[in-house]
Amino acid sequence: MNFNVDQFAATQKANIAAAADLSQTAFAGFERLVELNMAAGKAAVGESFANMQALMAAKSPQDLMAVQAALVQPAIEKSVSYGRHIADIANSTSAVFTKAVEGKMAESEKAVKSLVENSLKNAPAGSDAAVAAIKTAFEASQTAAETLKKVAKQAADSAESSIKAAQAQAEASVKAAMSKAKAKA
């Protein structure tokens, strides 16, 4: 087996560049989250004063109840929208990380396969049985790795769809409760 210093250095340089790119992606996601929170905080402060003025302008208990009921629905919609924005930020950032990791894993698998094949080409005469056993074990490990990747992807997809379903159910429940509250008022 030949150890190539230039190849090792190039690999390390590529890994550092990939880590730098991923750190930039993480910071970009964090920046988006901070911007979202700043905008939501600023809007909440402005809306709270406007809501307080509307509540103070109520002349009767019925007016007060009507104003309160009118304020609840927009607040719920904003909360749901905020949750969707957070999910979008998390999903887009996660997708970049997943793609990068999958790319690096593919590169690593290719490098290991090349290393194994080159090493087996230089096996001493009479070691055919050992070479065949190593090839079989390597192929089995590759198959197992592919299966694990598929299972992990299915689990991630299932978790994401479950979260979306729970969010839709929560929205529907809130809307139904709001409709009942309006009907009683």
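Our subject is the structure listed above.
Described below are features of the structure shown in this document. The structure presented is a predicted model; accordingly, all values stated were derived computationally and were not measured.

Our focus in this paragraph is a nonpolar patch on the surface. A surface patch of nonpolar side chains, amounting to about 320 Å² of accessible area, comprises Phe 30, Val 34 and Met 38. As for its placement among the helices and strands, Val 34 is situated in helix 1 (residues 5-56). A relative accessible area of 35% places Val 34 in the partly exposed class.

The next subject is helix 2 (residues 61-121). The end-to-end C-alpha distance of helix 2 is 89 Å, a good match for the 90 Å that 61 residues give at a rise of 1.5 Å each. Three or more residues of helix 2 are buried, namely Val 67, Gln 73, Val 80, Ile 89, Thr 93, Glu 109 and Leu 120.

Once that is clear, we can look at the layout of surface pockets. Quantified by volume, the second largest pocket comes out at close to 460 Å³. What lines the second largest pocket is a set of 15 residues, and nearest its centre among them are Thr 98, Glu 102, Lys 153, Ala 156 and Asp 157. Breaking the lining of the second largest pocket down by element, the ones donating at least two residues are helix 2 and helix 3 (128-184). Considering each element in turn, the lining of the second largest pocket owes the most residues, eight residues, to helix 2. Here the lining of the second largest pocket is built from residues that sort into six nonpolar, three polar and six charged.

The rules behind the values
- Residues numbered from 1 in each chain as written.
- Predicted model: local features only at pLDDT ≥ 70, side-chain atom pairs only at ≥ 80, totals over all residues.
- Heavy atoms only, no water.
- Patch = residues over 30% accessible without salt bridge, like charges linked within 9 Å, V, L, I, M, F, W, Y side chains within 5 Å.
- Areas by Shrake-Rupley, 256 points an atom, 1.4 Å probe, with all protein chains shown as cover.
- Salt bridge = Lys/Arg side-chain N within 4 Å of Asp/Glu carboxyl O.
- Helix = DSSP H or I, 4+ residues; strand = E, 2+ residues; numbered from the N terminus.
- Buried < 20%, exposed > 50% of the residue type's maximum accessible area, 1.4 Å probe, protein only.
- Expected span 1.5 Å × (residues − 1).
- 1 Å grid on protein atoms, 1.4 Å probe; cavity = no way out; pocket = protein on both sides within 12 Å on 5 of 7 lines; lining within 4 Å.
- Points joined across faces, edges and corners; volume = space filled by probe spheres on them.
- Nonpolar A, V, L, I, M, F, W, Y, C, P; charged D, E, K, R; others polar.

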